[in-house]
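# Topology and contacts: notes
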Amino acid sequence: MEGPEGDLDKAVRLAGLRAMLRRLEQGSVAADRPPLVFGLPSIDDALGGGLSLGCLHEIVAAVEGDDAATGFCAALLGRLAADSKPILWIGHELYAPGLLAFGLDPGRLITVDPSRPADRLTAMEEGMRCSALAAVLCESDLLDLTAGRRLQLAAEAHGVTGLLLCRQPPPSAGQGTGRASAAVTRWRIAAAPSAARRVGSAQGSSGGSVGGPPLLGRPRWRVELLRCRGGRTGEWLVEWRDETGDFALAAALCDGSAAPARNDILQWDIARQAADGTG
Amino acid sequence: MVVAVDRRATAAGLRPGLPLADARALAPDLAVRPADPEGEAATLARLAEWCGRYSPWTAVEAAEDGTGAGYGAGLWLDVTGCAHLFGGEAALLDDLLGRFRRWGYAARAALADTPGAAWALARFKDGAAGGETIDDTLTTGPGGSVVLVPGGARAALAPLPVAALRLAPEVTEGLDRLGLRRIVDLYPIPRATLVRRFGPSPGLRLDQALGCVAEPISPRPPAADLVARLIFAEPILHIEGLTEGLRRSTAELCRVLTAAALGARRLELALYRVDGGVRRARIGTSRPTRDPAALQRLFAERLEDLDLGFGIEAMTLTALEVAPLPALQLGLAGRQGAPLGTPADDALAPLVDRLGNRPGLAAILRFGPRESHLPERAVAAKRALDPGASGVWHPMPPRPSRLLARPEPVEVTALLPDHPPVLFRWRARLHRVARAGGPERIAPEWWRAPRQDASSDVIRDYFQVEDEDGRRFWLYREGSEGAGRWYLHGLFA
């Protein structure tokens, strides 16, 4: 009975169990799947190569009424949507043309806006079980461990990436990592003052129109990686460059004039300054 | 006034239409219940619905069918093509009667070539003797049902009283006075004479009963021929049994749909409960489908919400709305039933259906561009799987990532009339503007007739502002010049 076949069988099963444990510990489902790369070495290193796909990520807004987290999510989804699969966005008051600037084609989105929180999460789970989707984004409150685990399992089973966007930060979260979660990463995104655009030197360093405030620079976000399974936490000041569609570290761009100015608002203000300045 | 009487009261000499005082005089120990016409009608409608387990074509007898004449309420069933499912016509009627009796209804049933003959036989031919052929034209089942041999109406109706022709009471009385008491007495009388004396009704009813004149009956629910019907040997009490039944029903229906080159858009599952109730679940699909697995999944979620009561004894699955589905692509992986289309949409259809059939998740949309420069009109929300739901987005000036459904008024402090504000208060929070861009002037759509006090008919100057924390907002000032009101319309990421 206990022949060599039995031992072999046992060894195979043991190896299988070990592999399963390893997978559970690491939490990286798709080891064969390349992660989503930010293009910023410091962030990618902290994540251990990039944002792993086919799992659940939480993105929390720092303050209510701060929509920087939406831009961050749209930028991630825009990069993720390269394989032409659609994305389910369970959102509210989302404005499609505003997503274009973050490299996300609104035509790739299907969207639904249930009013009840439970319905939103139902829709999210249904989406996570549909392999035809690249990703599901759900605007919701933070989940407890059980609900998050359920979504995480759905993501692992079907390879759909889930983003949970929490636009209203939980009051208890404070500065720390907040509650326990089944998600692989948790981010906190806050808007940060943009760099001055130095144009129209006639107006000096302010760069604005006469008597008015200075012009807008590129969107800047304070990106905090609060928790990351298999990686490090960190905090970065990131700028979104819509003309090239990638992230840049703000520290590396002290000089705002490095990139070509193609912001439309900027163009108009130059025209406006010309009119005001001469008049 | 006595409305209805049972058998024992009839034996005591009571008749409908008798004043209550007279009735009490005839039978002092009479048990009286107030009549409830609405409740009776509702019960009758429920029973007619329940009879859908025998035939899709059921109806409640209307008042002009003679219900008001004191011969009891009735149901019509057209069992053409259904009887063999229950072991024959007599067996079907006996089954029906048996169930009604178990629920406490005193029911009689007859089956004939015409509604008129069936009506007459059900009320005036007692099949209780049962079990054998009464004469050449009638057979009775063991349960008391009466079945007319095809073509035997004339002979079978002959001995019945004229009241069996669904006539108004005064017509019946008039005929009675002339000695025309049985239907056979009417056969030799010329029609013209009948019409002159009693109007058209006796002749018409006679023709209807004999099948000389067609008599249409409006079925309660619209009859559908795309039905899969399943009768269970024993009442199903558990969801597992129903799931298996559902699997068979969907397979059966999809087979019918495939043969007809159709796909279902709307379906209804009806569960017939042992206690006479019917539970229904309806689903819709985003595109015509005849994929049994997909349909089964859609219904499976609804099954859990349905109250099974004391058990389900039959189920019908009906395709209420269908659309042509000719081209059939057999996928390599064996997926079947999806029409040719974009692969991404095909793969999405099951998801859209699952979401769309949940209550509270009605609108699954896709954004498309619309030719308008007004921000709130520039996006067209289309149904997710409608063809041509995507389009080309023209480049436009910076747009926010969130657009409020209604622009919210803000209090501002602006130093110069044409400049962005320095300070503004939104949702009780003060924001100090650090940077700003604009204005971008957005005029009303000139191709629309201007309406008074509509916000879309005023020129707006939009500013993109950033407060000291870096948060970005989209503000606009209403009105062309100077001191217009300020609103916050969107949030930038």
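Remember, it's a predicted structure, so these values are computed and weren't measured experimentally.

Our focus in this paragraph is the overall build of chain B. Per the secondary structure count, chain B includes 13 helices and 18 strands. By residue count, 46% of the 493 residues in chain B fall in the buried class. Restricting to contacts in chain B with at least 6 residues of sequence separation, those with at least 24 account for 58%. Here chain B has roughly 24700 Å² of accessible surface; of this, 55% comes from carbon and sulfur atoms.

What the eleven strands build is an open sheet, ordered β9(A)-β8(A)-β7(A)-β6(A)-β1(A)-β5(A)-β4(A)-β2(A)-β3(A)-β10(B)-β11(B); its pairing is mixed. Either end of the sheet is taken by a strand with one partner, and the two such strands are β9 (246–249) of chain A together with β11 (379–383) of chain B. Pairwise comparison of adjacent strand axes, ignoring direction, gives a mean angle of 30° for this sheet. Note that strand β1 (residues 56–61) of chain A and strand β6 (residues 185–192) of chain A share five bridges and pair parallel. Residue pairing across strands places A:H57 opposite A:T185, the latter belonging to β6(A). Helix-sheet contacts for helix α5 (residues 117–128) of chain A involve β1, β2 (87–90), β3 (109–112), β4 (135–139) and β5 (161–166) of chain A, and the interaxial angle to β4(A) is about 170°.

Next up on the list: a nonpolar patch on the surface. On the surface, a nonpolar cluster with roughly 260 Å² of combined accessible area is contributed by A:L14, A:L17 and A:M20. Counting through the fold element by element, A:L14 comes out in helix α1 (residues 4–26).

Moving on, we come to the environment of B:A493. If you trace the backbone, B:A493 turns up in the segment after β18 (486–492). Assessed through its relative accessible area of 9%, B:A493 is described here as buried. In this structure, the C-alpha to C-alpha distance between B:A493 and B:R402, residues 91 residues apart in sequence, is 8.2 Å. Look past the residues within four positions of B:A493 in its chain and what remains in contact with it is A:D67, A:A68, A:T70, A:G71, A:F102, A:P219, A:W221, B:S401 and B:R472.

This part takes up the sheet that holds strand β3 (residues 110–111) of chain B. The strands making up a sheet associate through backbone hydrogen bonding, with each pair oriented either parallel or antiparallel. All names here are of chain B. The sheet built from three strands is open, its strands ordered β3-β5-β4 with mixed pairing. The outermost strands of the open sheet, each flanked by one partner alone, are β3 and β4 (138–140). For β3 and strand β5 (residues 146–148), the ladder comprises two bridges, and the chain directions are parallel. If you follow L111 over to β5, its bridge partner there is V147. The strands touched by helix α4 (residues 89–102) within the sheet are β3 and β5, with β5 carrying the most contacts at an inclination of about 150°.

Each partner contributes residues to the interface: chain B has 57 residues there, and chain A has 64 residues. Carbon and sulfur atoms make up 62% of the surface buried where chain B meets chain A, a total of about 4700 Å² over both sides. When residues of chain B are sorted by the area they lose upon contact with chain A, B:F367, B:R402 and B:R435 head the list and together hold 17% of the total. Applying the counting criterion to the chain B and chain A interface returns three salt bridges. A:D67 is paired through a salt bridge with B:R402; the nearest N and O atoms lie 3.4 Å apart. Viewed at the interface, chain A and chain B are joined by 17 residue pairs in polar contact (both at pLDDT 80 or more). Contributing elements (two or more residues each) for the side of chain B that touches chain A: α13 (343–356), β10 (364–369), β12 (402–409), β15 (429–442), β16 (460–467), β17 (472–478) and β18 of chain B. Counting residues per element, the side of chain B that touches chain A draws most heavily on β15(B), which supplies nine residues. Residue classes in the side of chain B that touches chain A are distributed as 33 nonpolar, eight polar and 16 charged. Two strands pair when backbone bridges link them, and β3(A) and β10(B) are joined in this way by three bridges, in the antiparallel orientation. Its bridge partner being in β10(B), A:I110 is matched across the sheet by B:R366.

Let us now look at the pattern of salt bridges. Here the structure, examined in full by the defined rule, presents 41 salt bridges over all chains. Across the salt bridge formed by A:R218 and A:E239, the nearest N and O atoms sit 3.1 Å from each other. A residue pair is termed long-range when its members are at least 10 positions apart, and A:R218 in the loop between β6 and β7 (220–228) and A:E239 in strand β8 (residues 234–241) qualify at 21 residues. Residue classification places A:E239 among the buried residues on the basis of a relative accessible area of 4%. A salt bridge links B:R205 to B:E215, with the nearest nitrogen and oxygen atoms 3.9 Å apart. Of the two residues, B:R205 sits in helix α10 (residues 201–210) while B:E215 sits in the loop between α10 and β6 (227–236), which places them ten residues apart along the sequence. Of the two residues, B:R205 and B:E215, both sit in the buried class. Via salt bridges that share partners, A:D67, A:E139, A:R167 and B:R402 belong to a single interconnected network.

Along the chain, B:R399 falls in the loop between β11 and β12. Take B:R399: its relative accessible area is 9%, and that puts it in the buried class. A distance of 3.0 Å separates a polar atom in the side chain of B:R399 from a polar atom in the side chain of B:E440. Setting aside residues no more than four positions away along its own chain, B:R399 makes contact with A:Y95, A:P97, A:G98, B:H373, B:E440, B:I442, B:W474 and B:F492.

Not every positive phi belongs to a glycine, and A:E93 is a case in point at roughly 60°. Among the structural elements, A:E93 can be located in the loop between β2 and α4 (96–99). Although it is not a glycine, B:A428 adopts a positive phi angle of roughly 65°. Secondary-structure assignment places B:A428 in the loop between β14 (423–426) and β15.

Time to look at the pairing of β5(A). All names here are of chain A. For β5, the buried fraction is high: six of the six residues fall into the buried class. A two-sided burial pattern is seen for β5, the buried positions comprising T161, L163 and L165 on one face and G162, L164 and C166 on the other. Pairing geometry for β1 and β5, over five bridges, is parallel. Within the sheet, the bridge partner assigned to H57 lies in β5 and is L163. In the sheet, β4 pairs with β5 via five bridges, with the strands oriented parallel. Residue E139 lies in a different strand from β5, and its bridge partner there is L165.

Residue and element names in this part refer to chain B. For the pair helix α11 (residues 239–260) and helix α12 (residues 292–303), interaxial distance at closest approach is 9 Å and the crossing angle is 145°. As for how α11 packs across α12, the hand of that crossing is right-handed. Mapping the contact onto sequence places I239, L242, T243, L246, R247, T250, A251 and C254 in α11 and P292, L295, Q296, F299, A300 and L303 in α12. Looking at the contact of α11 with α12 residue by residue, the classes come out as ten nonpolar, three polar and one charged.

Attention shifts here to α10(B). Residue and element names in this part refer to chain B. The element α10 is largely enclosed, with a buried count of seven among its ten residues. What α10 keeps buried is the set P202, G203, R205, L206, D207, Q208 and A209. Buried-residue contacts for α10 involve α5 (115–124), α6 (153–157), α7 (169–177), α8 (183–186) and α9 (191–198). Backbone geometry just downstream of α10 places G211 in the positive-phi region, at approximately 85°.

Procedures and definitions
Residues numbered from 1 in each chain as written. Chains lettered and ligands numbered in written order. Predicted model: local features only at pLDDT ≥ 70, side-chain atom pairs only at ≥ 80, totals over all residues. Heavy atoms only, no water. Helix = DSSP H or I, 4+ residues; strand = E, 2+ residues; numbered from the N terminus. Buried < 20%, exposed > 50% of the residue type's maximum accessible area, 1.4 Å probe, protein only. Contact = heavy atoms within 4.5 Å. Areas by Shrake-Rupley, 256 points an atom, 1.4 Å probe, with all protein chains shown as cover. Pairing = 2+ DSSP bridges. Axes fitted to C-alpha atoms, helices over the stretch in contact; angles between N-to-C directions. Patch = residues over 30% accessible without salt bridge, like charges linked within 9 Å, V, L, I, M, F, W, Y side chains within 5 Å. Salt bridge = Lys/Arg side-chain N within 4 Å of Asp/Glu carboxyl O. Buried area = accessible area lost by both parts, 1.4 Å probe. Polar contact = N/O pair within 3.5 Å; in protein donor to acceptor, adjacent residues only side chain to side chain. Nonpolar A, V, L, I, M, F, W, Y, C, P; charged D, E, K, R; others polar. Left-handed = near helix turned anticlockwise from the far one by under 90°.

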